[in-house]
There are 2 protein chains.
Amino acid sequence: MSKGKLIGVGVGPGDPELLTIKAGKILSEVSVICAPRSAPKKPSIALSIVQPTLSNRKDDYETLEPVFPMTEDKKSLEKHWDQAADMVAIHLENGDDVAFVTLGDPSIFSTFSYLQKRILEKGYDVEMVPGITSFTGCASTAGIPLVEKDEILVIVPKIDHRLENILDDGDTFVIMKTSRHGDLLEKTIDADSRNKEIISVQNCTMDNEEVVQGFVKNKKYLSTTLVKFSRD
Amino acid sequence: MSKGKLIGVGVGPGDPELLTIKAGKILSEVSVICAPRSAPKKPSIALSIVQPTLSNRKDDYETLEPVFPMTEDKKSLEKHWDQAADMVAIHLENGDDVAFVTLGDPSIFSTFSYLQKRILEKGYDVEMVPGITSFTGCASTAGIPLVEKDEILVIVPKIDHRLENILDDGDTFVIMKTSRHGDLLEKTIDADSRNKEIISVQNCTMDNEEVVQGFVKNKKYLSTTLVKFSRD
């Protein structure tokens, strides 16, 4: 019997219609869906995005929901990832494909990469299906181009001295999860004397989406800030 | 009669199945499809990607194919964009929505932004529908994560002194259209002593897709190079 493969499926930023046709097909056919959740009682956001697709299925499929706690403790994280990989491998060994659903795109700051590494090490095949990234979702919501012509785009997941170093040579900066480091972000960006446009988007393309001109002070998890510097 | 709106629709890197469900719906319903082509006899790549969706339509729709020549002559480009905006505005004024199809995503180095600006200036509404960007398409094809944890991602459309300036503080670099500036790219990246993984993808997710370890020397238009530096 041939072995199953792991498929990392990007489900986009929130709107179920931002799933690709390819992702929709895979999620309609695959035997096992694996969706991460941050705590045993917290529903998986990625799973909720694909729920309309799954609800249309007439056949049986299994859902795995491994817990990946919101911790920076590397040992604890690795233990949870190892457990998830074991959980997935049982199905692959049985010849079933497993689709791991992940917010946005599987190559951009995705928990998928940790599972991918372990499953490859176990000798199984892995595939990736790209998804709409949160930052292009935010740009569409805000109705602005991120970059044109020879402008440089920089995606920053955490504010530290590096942002200051590269600020001069970049044109547009996407700052992810801004609630984690709002004050330092504001200070760093304000120190740049160029004209700039600043837009923050929270819960992009979801029902509770909010678009704010400037920075945001609240602590919402899915917060992205776009900073566009003018060239003249 | 209410006015129509312009909708910038990202159609992804090439595979028609990488269209989103939302994009598919719009392209099945809108009265007018506008697709750019680079010369009068050259077919529009974006239009070819959505052809399977359009072929399923039973109703009538109109296709506009303005020519945007491959030139750096700003005056000539502006003239062509003005003409395209006039062409589109006639339909908007008549109350018809116009979907402008664009490779990848409408906010990332898209010709859509020039049309968007002009249509907004004429007082019409504009919407954007995000698409799969070429670089996440390339990462999926290559089967590698682009960024994890607090790594910084930099998207570079043109190689010059700026790349050298920001190299130290970035982890992963996506170099677009590498055929334009291959030698300088190779020299700049080779000068960095960190361990690195270099993968080039041409015609990503298309029938003639090619994946190459390292840099590419040929002059194919749709060429992207991913450079991932190791942290240790």
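Conventions we followed
Residues numbered from 1 in each chain as written. Chains lettered and ligands numbered in written order. Predicted model: local features only at pLDDT ≥ 70, side-chain atom pairs only at ≥ 80, totals over all residues. Heavy atoms only, no water. Contact = heavy atoms within 4.5 Å. Buried area = accessible area lost by both parts, 1.4 Å probe. Salt bridge = Lys/Arg side-chain N within 4 Å of Asp/Glu carboxyl O. Pairing = 2+ DSSP bridges. Helix = DSSP H or I, 4+ residues; strand = E, 2+ residues; numbered from the N terminus. Axes fitted to C-alpha atoms, helices over the stretch in contact; angles between N-to-C directions. Domains from an automatic or database assignment. Polar contact = N/O pair within 3.5 Å; in protein donor to acceptor, adjacent residues only side chain to side chain. Nonpolar A, V, L, I, M, F, W, Y, C, P; charged D, E, K, R; others polar. Least-squares fit on C-alpha atoms with pLDDT ≥ 70 in both.

This next bit is on the interface of chain B and chain A. Opposite the 52 residues of chain B that make contact, chain A presents 52 residues. Taking both sides of the interface into account, the surface hidden between chain B and chain A amounts to around 4,400 Å²; carbon and sulfur atoms contribute 60%. Sorting the residues of chain B by area buried against chain A places E17(B), R162(B) and D169(B) first, and these three jointly supply 13% of that buried surface. In this structure, the connection of chain B to chain A is made through six salt bridges.

This part is about the sheet that holds strand β1 (residues 5-10) of chain A. All names here are of chain A. On the basis of which strands lie adjacent, the open sheet formed by five strands has the order β3-β2-β4-β1-β5 and parallel pairing. Edge strands, defined here as strands with exactly one partner in the open sheet, are β3 (62-64) and β5 (125-129). Strand-to-strand, the axes of this sheet are offset by a mean angle of 20 degrees, without reference to chain direction. Inspection of the sheet shows β1 paired to β5 by five bridges, in the parallel sense. Residue pairing in the sheet places I7 in a bridge with E127 of β5. Across the face of the sheet, helix α1 (residues 21-29) comes into contact with β1, β2 (32-34), β4 (98-102) and β5 while running at roughly 135 degrees to β1.

Residues and elements named next belong to chain A. Taken as a whole, chain A is organised into domain 1 (5-129) and domain 2 (134-229). Carbon and sulfur atoms supply 81% of the area that domain 1 and domain 2 bury against each other, a total of about 750 Å² over both sides. At the junction of domain 1 with domain 2, the criterion picks out zero salt bridges. Where domain 1 touches domain 2, the interface holds two residue pairs in polar contact (both at pLDDT 80 or more). Among the residues making up the side of domain 1 that touches domain 2, the classes are represented as seven nonpolar, one polar and one charged.

A word on the relation of the copies chain B and chain A. Superposing chain B onto chain A requires a rotation of 180 degrees together with a translation of 0.0 Å along the rotation axis, leaving an RMSD of 0.0 Å. As the rotation angle and translation indicate, the two copies are arranged about a two-fold axis. For chain B, the residue whose C-alpha comes nearest the rotation axis is T20(B), separated from it by 1.9 Å. A share of 100% of the interface residues of chain B reappears at the interface of chain A, consistent with the copies meeting face to face through the same patch.

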